[in-house]
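As a plain string of letters, each chain reads:
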Amino acid sequence: MDAFEKLTALVVPLDRVNVDTDAIIPKQYLKAIGRAGFGANLFDNWRYLDAGEGRTDAERRPNPEFVLNKPRYQGAQILLARANFGCGSSREHAPWALLEYGIRAIIAPSFADIFFNNSLKNGLLPIIVPDAVVDRLFRDVEATPGYAVTVDLVSEAVVLPDGTRVPFQIDPFRRECILRGLDDVGWTLQYEADIKQYEERRRIEAPWLFTAE
Amino acid sequence: MMGKTLYDKLWDSHVVRELPDGTCLLYIDRHLVHEVTSPQAFAGLRAAGRRLWRRDANLAVADHNVPTKDRALGIRDATSRVQIETLDRNCADFGVTLFAMNDPRQGIVHVVGPEQGATLPGMTIVCGDSHTSTHGAFGALAHGIGTSEVEQVLATQCLLQKRAKPMRVRLEGRVPEGVTAKDLALAVIGRIGTAGGTGHAIEFAGPAVRALSMEGRMTLCNMAIEAGARAGLVGVDDTTVAYLANRPFAPRGALWEQAVAAWRDLHSDEDAVFAREVMIDAQTLSPQVTWGTSPEMVVGVAERVPDPAAEPDAARRAGMVAALAYMDLKPGTPMVDVPIDVVFIGSCTNARLEDLRAAAHMVRGRRVATGVRALVVPGSGLVKKAAEAEGLDRVFVEAGFEWRDAGCSMCLAMNADRLEAGERCASTSNRNFEGRQGAGGRTHLVSPAMAAAAAVAGHFVDVRGW
Ligand code: SF4
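The rules behind each value
Residues numbered from 1 in each chain as written. Chains lettered and ligands numbered in written order. Predicted model: local features only at pLDDT ≥ 70, side-chain atom pairs only at ≥ 80, totals over all residues. Heavy atoms only, no water. Helix = DSSP H or I, 4+ residues; strand = E, 2+ residues; numbered from the N terminus. Rg over C-alpha atoms; globule rule 2.2 N^0.38 Å. Buried < 20%, exposed > 50% of the residue type's maximum accessible area, 1.4 Å probe, protein only. Contact = heavy atoms within 4.5 Å. Lys, Arg positive; Asp, Glu negative; His and termini not counted. Charge placed at Lys NZ, Arg CZ, Asp CG, Glu CD. Areas by Shrake-Rupley, 256 points an atom, 1.4 Å probe, with all protein chains shown as cover. Disulfide = S-S within 2.5 Å. 1 Å grid on protein atoms, 1.4 Å probe; cavity = no way out; pocket = protein on both sides within 12 Å on 5 of 7 lines; lining within 4 Å. Points joined across faces, edges and corners; volume = space filled by probe spheres on them. Nonpolar A, V, L, I, M, F, W, Y, C, P; charged D, E, K, R; others polar. Pairing = 2+ DSSP bridges. Polar contact = N/O pair within 3.5 Å; in protein donor to acceptor, adjacent residues only side chain to side chain. Buried area = accessible area lost by both parts, 1.4 Å probe. Salt bridge = Lys/Arg side-chain N within 4 Å of Asp/Glu carboxyl O. Axes fitted to C-alpha atoms, helices over the stretch in contact; angles between N-to-C directions.

Peer 1: Explain the overall build of chain B here, please?
Peer 2: Within chain B one finds 15 helices and 19 strands. The C-alpha radius of gyration computed for chain B amounts to 21 Å, which stays within 12% of the reference 23 Å derived for 466 residues, consistent with globular compactness. In terms of its C-alpha atoms, chain B occupies a principal-axis envelope of roughly 55 × 55 × 45 Å. Buried positions account for 66% of the 466 residues belonging to chain B. Across chain B, contacts joining residues at least 24 apart in sequence account for 76% of those joining residues at least 6 apart. For chain B, the distance from the average site of its 50 positive side-chain charges to the average site of its 54 negative ones is 2 Å.

Peer 1: Help me understand the overall build of chain A, please; the structure alone is not making it clear to me.
Peer 2: Secondary structure summary: chain A contains eight helices and seven strands in total. Seen along its three principal axes, the alpha-carbon backbone of chain A occupies a region of about 65 × 50 × 25 Å. Here chain A holds 213 residues, and the buried ones make up 57% of them. Intrachain contacts of chain A at a sequence separation of at least 6 include 64% that bridge at least 24 residues. Accessible surface computed for chain A: about 8800 Å², of which carbon and sulfur atoms make up 50%. With 25 positive and 31 negative side-chain charges, chain A shows a spacing of 3 Å between the two charge centroids.

Peer 1: I keep staring at the state of the cysteines and nothing clicks. Help me out?
Peer 2: Simply put, disulfide is the name for a covalent bond between the sulfur atoms of two cysteines. Residues and elements named next belong to chain B. Summed over all chains, the structure comprises zero disulfides over all chains. Note on Cys-158: no disulfide assigned, nearest cysteine sulfur contributed by Cys-24 at a separation of 11 Å. Classification of Cys-158 as buried rests on a relative accessible area of 0%. Its sulfur unpaired, Cys-221 is 12 Å from the next cysteine sulfur, which belongs to Cys-348.

Peer 1: Can you walk me through the layout of surface pockets in this structure?
Peer 2: To find the voids left in a structure, one rolls a probe of water-molecule size over its atoms. Its boundaries defined by the atoms lining it, the largest pocket holds a volume of some 990 Å³. Lining the largest pocket are 42 residues; nearest its centre among them are Val-17 and Asn-18 of chain A together with Glu-296, Ala-315 and Arg-316 of chain B. Elements that contribute at least two residues to the lining of the largest pocket include exactly α1 (21–24), α2 (44–47) and α5 (131–143) of chain A together with α6 (181–192), β14 (298–300) and α11 (314–327) of chain B. With seven residues, the top contributor of residues to the lining of the largest pocket is α11 of chain B. Its volume calculated, the second largest pocket comes out at about 680 Å³. Forming the walls of the second largest pocket are 30 residues, and the residues nearest its centre are Asp-113, Phe-116 and Asn-117 of chain A together with Lys-162 and Gly-199 of chain B. For the lining of the second largest pocket, the secondary-structure elements that each account for two or more residues are α4 (113–121) and α6 (172–180) of chain A together with α1 (6–12), β7 (141–144), β8 (158–161) and β10 (200–205) of chain B. Counting residues per element, the lining of the second largest pocket draws most heavily on α4 of chain A, at four residues. Broken down by class, the residue content of the lining of the second largest pocket amounts to 14 nonpolar, nine polar and seven charged.

Peer 1: Teacher, can you tell me more about the sheet that holds strand β18 (residues 424–427) of chain B here?
Peer 2: Within a sheet, adjacent strands bond to each other through the backbone by hydrogen bonds, running parallel or antiparallel. Residues and elements named next belong to chain B. Spatial strand order, β17-β16-β15-β18-β19: five strands in an open sheet with parallel pairing. Edge positions in the sheet fall to β17 (402–403) and β19 (442–445), since each has one partner strand and no second. Across four bridges, the pairing between β18 and β19 is parallel. Residue Arg-424 lies in a different strand from β19, and its bridge partner there is Arg-442.

Peer 1: Looking at this structure, how should I read the side chain of Arg-60 of chain A?
Peer 2: Checked against the element boundaries, Arg-60 of chain A lands in the loop between α2 and β2 (78–80). Of note is the side chain of Arg-60 of chain A, whose polar atom sits 2.8 Å from the backbone oxygen of Asp-50 of chain A.

Peer 1: So what exactly am I meant to see when it comes to the interface of chain B and chain A here?
Peer 2: Frequently, the measure chosen for interface size is the accessible area removed from exposure when the parts meet. Taken residue by residue, the interface counts 76 residues in chain B and 59 residues in chain A. Between chain B and chain A the total buried area reaches about 5500 Å² when both faces are included, carbon and sulfur atoms providing 57% of it. Considering only the surface of chain B that becomes buried against chain A, Gln-40, Trp-53 and Leu-160 of chain B emerge as the three largest contributors, covering 11% of it. Scanning the region where chain B abuts chain A turns up seven salt bridges. Close ionic contact of Arg-35 of chain A with Glu-151 of chain B constitutes a salt bridge, the shortest N to O distance being 3.7 Å. On inspection of chain B and its partner chain A, the count reaches 31 residue pairs in polar contact (both at pLDDT 80 or more). For the side of chain B that touches chain A, the secondary-structure elements that each account for two or more residues are β1 (15–18), β2 (24–27), α2 (39–48), α3 (78–94), α5 (147–156), β8, α10 (253–263) and α11 of chain B.

Peer 1: Sorry, what's going on with the sheet that holds β7 of chain B here?
Peer 2: Residue and element names in this part refer to chain B. Strand order across the open sheet formed by five strands is β5-β4-β3-β6-β7, with parallel pairing between neighbours. The open sheet terminates on both sides in strands that have one partner only, identified here as β5 (97–99) and β7. Going from strand to strand, the sheet's axes swing by 20° on average, the running direction of each strand aside.

The following block contains the structure:
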């Protein structure tokens, strides 16, 4: 996972509520056994006018109406979204696809729980800000070509072009992991002794949980 | 001292260590594995030279990609085949118990776990699939996880989690004739919305829930995730215990007695306090049909397609307009006038024996309407066998349904079973998202009885008094 401290980048607005993970990366692209290659199919059904199967990406027709395809938003690394972003399936391919496309942070009034977690584990920052701020951002982004904000994880604030600071919160533990680019397995194995101790206790309390081997 | 909710009891008994900010290292008793979300996790273990923490806690089955007919011919789609072969190889290399594609016990992971007794009350259960909430029907803390977490559980038997807020949905009264657990689930989502349970674990309680079979409770908990809650829960009672007796993975003899005694405490205490409570009178509910592209876009079958013009909230109104355009429906159309092209009876929501019985009951001696393609995909090989022993397969086949092998199938259309663009489907699955059952396909979520009746009529019908 890439560490993340601070990022100033172009914002792309996706004005839909309940954007689900099937929309973020449709299931026909989940058959890969690696972690790479999903970026080209991010928002596939909206981004292209033709179906992807049987065609190479270069042969496909982008949908000029879809916001990610508009010239003014090329190179955007921050996605502005609506409520309940990332609902639906638990596929971690969704944050992988967003990251590979180049998105490093998503600003929305709320996220679905599993997507939220999956994003943090991959260093994709899900930032929750109040509805009113999101409404204002949608207005400003659409009215101002080149609109960029700064996401500062160290001080936990989104800094708008006029200097306004919008605070947000990330759990201290998660924040530390992202700032340092730490992975969960390595972190958990520090507590090997605690896990073994817990198991010993449970073997006595609830032995039926340990009978299969 | 204040009483505890079921969620709190389950959580507290699994905390290995708590960090100052409240993040907990939570111990996982059962890990279910399938082919789509595990390859990158096993690859991660290999790359780091790590082994499994506890092999016997894992159970694997291929379900998402498997073909549902002509299995003997193998899998034609090369990428699907590689994914399933990768699961086979990973399970062999790491020593994980696997129900391979041709094992008679193979099926959808959320049907197989309970059927085998691998799902037990009081457990923490995870799987790289959001409908893991299903297993909460047994008074277990069960939720979906991402692939990084799959790797973490394989390597450490633990997850890093924050406590969710306990929420209770009470379903009061008696469920009327023709109304099923699926209708209860859709009605709850219609009421609280697809984000209504975000950050919460939803306990389903009340007489209407107590009266449900385990199959019905699984259907209800299965769809907790569609209400935004990672976990659904039902407290343990006699129904739970009776279901589990003599299942292959369940304890036996003295251990069984000891386990059952412990399970009796797995319900919320009388004086437990919930962060949020919702009350719904089940008596007033009717069979439900979704009309849009989110499970919260749902109405009773006797109602009409709603009019976005009546929606005051602008963002919601825009969502409704987009959904109606995608679904090709006009506001004000009675739901029973909506014609269908395809019927899918299957998925981890509604492909257990009880579901197939309910569907067969509607089609016995009738015929699928001309022009309608209808298929039944049992939830597991064992469900299929049991249904065949009762002659349900003949009922379906004689009516013109296709009778398939177990798997996820048209629930998400990763295999060859899918909708063509523009086709409209009455489906017993759980998601009606755009393209979910095939690019351009239109999904209406309904109960098995409603789906079966629609197959015969060629359009939605009210199964009450059918
Ligand atoms: S049946 Fe559908 S919802 Fe259930 S596990 Fe399979 S794909 Fe997921």
